[in-house]
Amino acid sequence: MLTWSDQFATGSPLVDTQHRMLIDKINLLEQMLGGPPPPKAKVDELLAFLGSYVVTHFKFEEQCMERARCPAHEKNKQAHAAFLGVFGKFKERYLAEGPKPELLKSLQVAAADWIKSHILTVDIQLKACAGK
Ligand SMILES: [Fe+2]
């Protein structure tokens, strides 16, 4: 389980709210995988939400960094594109293989690790640019 804490704060309340939402959904996926196999419709719904929310969030955050002339802007864009590439490959496998627990677990672990290290290394650089 990921827990949002002040070390994740980016200086942008909206970005932080979006990060909290993403963390909640990744935690929800972890919870779903901890019990009996979840119905495919539930997994479909969660993945569709995550897939579209992450795109909206990335765009919003990139605009914030660009506006603030944050030096991490390019690195952030590249990291987002790389994550979308990984998510796209996962979706192809999901379509072909269905909601296999090990496939969903690999997404949940990868997404949890990625978002934690991404926020802590890249997104928090927005804090230093706030107010520019
Ligand atoms: Fe980011």
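Look above for the structure.
Note that the structure is predicted; figures quoted are calculated from it, not measured. (Residues numbered from 1 in each chain as written. Predicted model: local features only at pLDDT ≥ 70, side-chain atom pairs only at ≥ 80, totals over all residues.)

What follows is about the overall build of the protein chain. Each helix and strand in the protein chain was counted, giving 5 helices and 0 strands. Beginning at the N terminus, the succession of helices and strands in the protein chain can be written as α-α-α-α-α. In terms of C-alpha radius of gyration, the protein chain reaches 15 Å, essentially the compact-globule figure of 14 Å for 132 residues. Oriented by its inertia axes, the alpha-carbon framework of the protein chain measures out at about 50 × 25 × 20 Å. Taking all 132 residues of the protein chain together, the buried fraction comes to 17%. Long-range contacts, defined as pairs at least 24 residues apart, comprise 75% of the intrachain contacts of the protein chain with a sequence gap of at least 6. (Helix = DSSP H or I, 4+ residues; strand = E, 2+ residues; numbered from the N terminus. Rg over C-alpha atoms; globule rule 2.2 N^0.38 Å. Buried ≥ 20, exposed ≤ 12 C-beta atoms within 10 Å, placed from the backbone. Contact = placed C-beta atoms within 7 Å.)

Relative to the 40 Å expected for 28 residues at 1.5 Å per residue, helix 2 (residues 40–67) spans 40 Å between its end C-alpha atoms, a close match to the ideal helical length. All buried positions along helix 2 are accounted for by V54, E61, C64 and M65. Buried positions along helix 2 lie against helix 1 (13–33), helix 3 (73–97), helix 4 (101–123) and helix 5 (125–129). Just downstream of helix 2 lies R69, where phi reads positive at about 50 degrees. (Expected span 1.5 Å × (residues − 1).)

Interhelical geometry of helix 1 versus helix 2 gives an angle of 155 degrees and a closest axis separation of 10 Å. Judged by the inter-axis angle, helix 1 sits roughly antiparallel to helix 2. The element helix 1 and its partner helix 2 pack so that their crossing is left-handed. Facing helix 1, whose interface residues are V15, Q18, M21, L22, K25, L28, L29 and M32, helix 2 presents K42, L46, F49, L50, Y53, V54, H57, F60, E61 and C64. For the contact of helix 1 with helix 2, a count of residues per class yields 13 nonpolar, 2 polar and 3 charged. (Axes fitted to C-alpha atoms, helices over the stretch in contact; angles between N-to-C directions. Parallel < 35°, antiparallel > 145°, perpendicular 65-115°, else oblique. Left-handed = near helix turned anticlockwise from the far one by under 90°. Nonpolar A, V, L, I, M, F, W, Y, C, P; charged D, E, K, R; others polar.)

Further remarks concern the packing of helix 3 against helix 4. Orientation of helix 3 relative to helix 4, taken along the N-to-C sense of each, is 175 degrees, at an axis distance of 11 Å. By the angle class used here, helix 3 and helix 4 are roughly antiparallel. Contacts between helix 3 and helix 4 pair K75, N76, A79, F83, V86, F90, R93, Y94 and E97 from the former with L103, L107, A110, W114, H118 and V122 from the latter.

Another point: helix 1. Across its 21 residues, helix 1 extends 30 Å between first and last C-alpha, which sits within 8% of the 30 Å expected from 1.5 Å per residue. Along its buried surface, helix 1 packs onto helix 2, helix 4 and helix 5.

Here we come to the environment of D6. Examined against the element boundaries, D6 turns out to sit in the segment before helix 1. Residue D6 is classed as exposed on the basis of its C-beta count, with 6 C-beta atoms lying within 10 Å.

What follows covers unusual backbone geometry. Backbone geometry at R69 places phi at a positive 50 degrees, although glycine is not the residue there. As for its position among the elements, R69 is in the loop between helix 2 and helix 3. Classification of R69 as exposed rests on a count of 9 C-beta atoms within 10 Å.

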